[in-house]
Amino acid sequence: KKEDGEEKKKKQKEKIKKSYEEWSNRYKKKKKNPGKGNKSADDHHKSIGWGEREVRMKIDENGNPIEVKKGQEKRNLDIGDVKNKKAVEVKDYSSKKVPNSKEIKREVEFDKKLVEKGWDVEWVFKDKGPSKGLEEALKSPPPIKITIIK
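Residues numbered from 1 in each chain as written. Predicted model: local features only at pLDDT ≥ 70, side-chain atom pairs only at ≥ 80, totals over all residues. Heavy atoms only, no water.

Draft legend 1. Looking closely at helix H2 (residues 102-116). Taking 1.5 Å of rise per residue, the 15 residues of H2 would be expected to cover 21 Å, and the 21 Å separating its terminal C-alpha atoms lies within 8% of that figure. Taken as a whole, H2 has its buried residues at Ile104, Glu107, Val108, Phe110, Asp111, Lys112, Leu114 and Val115. Where H2 is buried, its residues contact strand S1 (52-59), strand S2 (65-67), strand S3 (75-81), strand S4 (86-93), strand S5 (120-127) and helix H3 (132-139). Residue Gly118 follows H2 closely and has a positive phi angle near 90 degrees. (Helix = DSSP H or I, 4+ residues; strand = E, 2+ residues; numbered from the N terminus. Expected span 1.5 Å × (residues − 1). Buried < 20%, exposed > 50% of the residue type's maximum accessible area, 1.4 Å probe, protein only. Contact = heavy atoms within 4.5 Å.)

Draft legend 2. Expanded view of the pattern of salt bridges. Evaluation of the coordinates by the stated rule reveals 11 salt bridges. Between Arg56 and Glu73 there is a salt bridge; the shortest N-O distance is 3.9 Å. Of this pair, Arg56 sits in strand S1 while Glu73 sits in the loop between S2 and S3, and the two are 17 residues apart along the sequence. A salt bridge links Lys139 to Glu135, with the shortest nitrogen-to-oxygen separation between them at 2.8 Å. One end of the pair is Lys139 and the other is Glu135, both in helix H3 and 4 residues apart, which spans about a single turn. Connected via shared salt-bridge partners are Arg75, Glu89, Lys91, Glu107 and Asp111. (Salt bridge = Lys/Arg side-chain N within 4 Å of Asp/Glu carboxyl O.)

Draft legend 3. Representation of the nonpolar core within the structure. Among the nonpolar cores identified, the biggest contains 17 residues, and Val121, Trp123 and Leu134 are the most heavily contacted of them. Sorting the residues of this core by element identifies S1, H2, S5 and H3 as the ones contributing at least two each. With 5 residues, the top contributor of residues to this core is H2. Counting residues in hydrophobic clusters, the runner-up holds 5 residues, among them Ile79, Val88, Val90 and Val124. (Core = buried A, V, L, I, M, F, W, Y, C linked by side-chain atoms within 4.5 Å.)

See the structure below:
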């Protein structure tokens with residue numbers, strides 16, 4: 001019985017180590033990705049010829065989206081035009097479809113509030129498209145436009 005307990009502890013330690021390694025690998029990939037994502041958003045911004053990059057937004061106490069200073073934002077729009085109520089989110093995941101992660105769900109939730117306030121919001125996917133869950137979230141009312149560029 002004592003051996004079983006020791007074996008159990010050993011397996012738990014291995015599991016913790018493995019989950020740390022998985023987290024660490026994901027973290028390292030994410031640290032590399034912003035540059036790629038920023039380049040994709042920069043390129044797309046140039047191609048559409050409107051808006052500004054990295055527009056910081058939040059929803060005010062009356063439920064209206066407003067542009068704010070750095071540090072006050074709840075959402076950074078990759079490309080935004082506040083005056084004309086237009087926004088573009090650019091996702092560039094070359095190795096897999098874009099997941100419906102917790103962070104992305106928050107972006108979708110915020111962007112749907114923009115759509116409810118009359119904004120034209122589009123999500124542009126470079127290479128791979130959205131996962132099934134993300135696609136369903138974007139298409140559910142109020143829908144957000146989806147564009148996939150191969």
